[in-house]
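The primary structure of each chain is shown beneath.
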Amino acid sequence: MSIFSGNLSKWSEHLQKHPSILGVLLRGTEIYSTTSEAAGPEVMIIITDEEFEQRLQKGSLHYREVDQNGAAVQGITGRYISPGYMDKVARFGSEPARAAFMEVVIVFSRLSDLRSRINDITEYPFQQKQDNINRFYAQFEAWYQECCKAFVTEEPYLLRQSVMNLILFGGRLILAHNEMLYPGHKWLIHTLEHARKKPDGLLKTISELMTEPSRGSLELLYRQVLEYHDWVREDLNWTDYVIMDNELQWMGRNVSVGEI
């Protein structure tokens, strides 16, 4: 069935009547999307930079369909973006911000260079690869230490948190090695499945460690990732990276909501 059929087609035709709307992108790929059609399409609506800044100031960047009374209805959802926002993502956006544009479909566009903008965004940031690997390796080592402590203290919260972070940064090492963008927590495992270069049995070990953590599965995952590749120089002090990224990040006011 065509992605432009039915509700989406009529909706996009309606949007094209608004001069401030410069285009619409349909999100979702064969790799990252396992959502059923019942959930409705997810889109990115490209608006002018001026309107984007206004919405950013008001905190109203989310789009959802509403009925005549203003009540939310199940259907098309998404967010507003702008050409200026896309330029920033291409220059210094996070990997999840970049990955959001992977395999998007252009529903309509008034921007002649939209496809080239998308290509710039989704290109892997090769110049940052080794620095990112250094940082991911530091986190991988640090969370391995925390996992070991949690098994000794038998603290369930610390164990689960440590295990998930060990898997996260081990996974990010593998993705960086493959020069694949990290799409966020939601699609990490799906993306690792498509990584060509990875340790044999990695996904099986990850599954076992997530569902029933044990010292055996912990040590196996640690060794699988650690010994798969020469990740960093021998003289790298990974604890310094952990201090900068975990303990002093707040000094730059660039802190996630979970760390406030």
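Residues numbered from 1 in each chain as written. Predicted model: local features only at pLDDT ≥ 70, side-chain atom pairs only at ≥ 80, totals over all residues. Heavy atoms only, no water.

Topic: the overall build of the protein
At step 1: The number of helices and strands found in the protein is 11 helices and five strands.
At step 2: Burial status across the protein gives 43% buried among its 260 residues.
At step 3: With an accessible surface of roughly 15200 Å², the protein has 50% of that area assigned to carbon and sulfur atoms. (Helix = DSSP H or I, 4+ residues; strand = E, 2+ residues; numbered from the N terminus. Buried < 20%, exposed > 50% of the residue type's maximum accessible area, 1.4 Å probe, protein only. Areas by Shrake-Rupley, 256 points an atom, 1.4 Å probe, with all protein chains shown as cover.)

Topic: the environment of Met 164
At step 1: In this fold, Met 164 is placed in helix α7 (residues 156-177).
At step 2: Met 164 sits 17 residues away from Cys 147 along the chain, and the two C-alpha atoms are 9.7 Å apart.

Some points on the nonpolar core
Soluble, globular proteins show a tendency: their nonpolar side chains are buried together.
At step 1: In terms of nonpolar packing, the biggest core is built from 38 residues, with Leu 166, Leu 173, Leu 218 and Leu 221 touching the most fellow members.
At step 2: Each residue touching Leu 221, except ones within four places of it in the same chain, is listed here: Phe 140, Leu 166, Ile 167, Leu 202, Thr 205, Ile 206 and Leu 209.
At step 3: Counting 32 residues, the second largest nonpolar core, distinct from the first, contains Ile 21, Leu 25, Ile 47 and Val 89. (Core = buried A, V, L, I, M, F, W, Y, C linked by side-chain atoms within 4.5 Å. Contact = heavy atoms within 4.5 Å.)

Re the packing of aromatic side chains
At step 1: Here the structure, examined in full by the defined rule, presents six aromatic pairs.
At step 2: Pairing Phe 140 with Tyr 222 gives two aromatic rings, centres 5.6 Å apart and planes at 15°, and the pair type is stacked. Of this pair, Phe 140 sits in helix α6 (residues 129-153) while Tyr 222 sits in helix α10 (residues 215-226), and the two are 82 residues apart along the sequence.
At step 3: By way of ring pairs, the aromatic residues Phe 140, Tyr 144 and Tyr 222 are connected into one cluster.
At step 4: Sitting above the plane of the Tyr 80 ring, Arg 55 keeps its charged end 4.0 Å from the centroid. (Phe/Tyr/Trp six-rings, centres within 6.5 Å; stacked < 30°, edge-to-face > 60°. Lys NZ or Arg CZ within 6 Å of the ring centre and 35° of its normal.)

Side note on the confidence of the model for the protein
At step 1: Per-residue pLDDT for the protein averages 88, and the proportion of residues at 70 or more is 86%.
At step 2: Confidence, expressed as mean pLDDT per element, reaches its minimum in the protein at strand β4 (residues 72-81) with 76 and its maximum at α10 with 98.
At step 3: Confidence drops under pLDDT 50 across residues 67-73; counting only partners more than four residues distant or on other chains, this segment forms eight contacts. (pLDDT = per-residue confidence, 0-100.)

A word on a nonpolar patch on the surface
At step 1: A cluster of nonpolar side chains, Ile 243, Met 244, Leu 248, Trp 250 and Met 251, forms an exposed patch at the surface whose accessible area comes to about 530 Å².
At step 2: Locating Ile 243 in the fold gives a position in helix α11 (residues 238-247). (Patch = residues over 30% accessible without salt bridge, like charges linked within 9 Å, V, L, I, M, F, W, Y side chains within 5 Å. Salt bridge = Lys/Arg side-chain N within 4 Å of Asp/Glu carboxyl O.)

Comments concerning the pairing of strand β2 (residues 42-47)
At step 1: Counting buried positions along β2 yields five of six residues, so the element is predominantly enclosed.
At step 2: As judged from the five bridges shared by strand β1 (residues 21-26) and β2, these two strands associate in the antiparallel manner. Its bridge partner lying in β2, Leu 26 is registered against Val 43. (Pairing = 2+ DSSP bridges.)

Some points on α7
At step 1: The terminal C-alpha atoms of α7 lie 32 Å apart, and with 22 residues this matches the ideal 32 Å at 1.5 Å per residue to within 8%.
At step 2: For α7, the buried fraction is high: 16 of the 22 residues fall into the buried class. (Expected span 1.5 Å × (residues − 1).)

Side note on the packing of α7 against α10
At step 1: In contact at an axis separation of 10 Å, α7 and α10 are set at 20° when each is read in the N-to-C sense. When the interaxial angle is binned, α7 and α10 end up roughly parallel. Handedness of the α7/α10 crossing: left-handed. In this structure, α7 uses Leu 166, Ile 167, Gly 170 and Leu 173 to contact α10, whose residues at the interface are Leu 218, Leu 221 and Val 225.
At step 2: Taken together, the residues that form the contact of α7 with α10 break down as six nonpolar, one polar and no charged. (Axes fitted to C-alpha atoms, helices over the stretch in contact; angles between N-to-C directions. Parallel < 35°, antiparallel > 145°, perpendicular 65-115°, else oblique. Left-handed = near helix turned anticlockwise from the far one by under 90°. Nonpolar A, V, L, I, M, F, W, Y, C, P; charged D, E, K, R; others polar.)

Details of unusual backbone geometry
At step 1: The residue Glu 103 is not glycine, and still its phi comes out positive at about 60°.
At step 2: Phi is positive for Glu 179, which is not a glycine, with a value near 55°.
At step 3: Here Glu 179 is to be found in the loop between α7 and α8 (188-193).

Quick notes on helix α2 (residues 49-58)
At step 1: For α2, the complete set of buried residues consists of Glu 51, Phe 52 and Arg 55. Burial along α2 is one-sided: seen end-on, the buried residues are contained in an arc of 100°. Projecting away from the buried face of α2 at angles above 90 degrees are the exposed residues Glu 50, Gln 54 and Gln 57.
At step 2: Positive phi appears at Gly 59, one or two residues downstream of α2, with a value of about 70°. (Arc of directions from axis to C-beta.)

Looking at the state of the cysteines
At step 1: Inspection of every chain in the model, using the stated rule, returns zero disulfides.
At step 2: With no disulfide partner, Cys 147 has as its closest neighbouring cysteine sulfur the one in Cys 148, 6.9 Å distant.
At step 3: Classification of Cys 147 by relative accessible area gives buried; the value is 0%. (Disulfide = S-S within 2.5 Å.)

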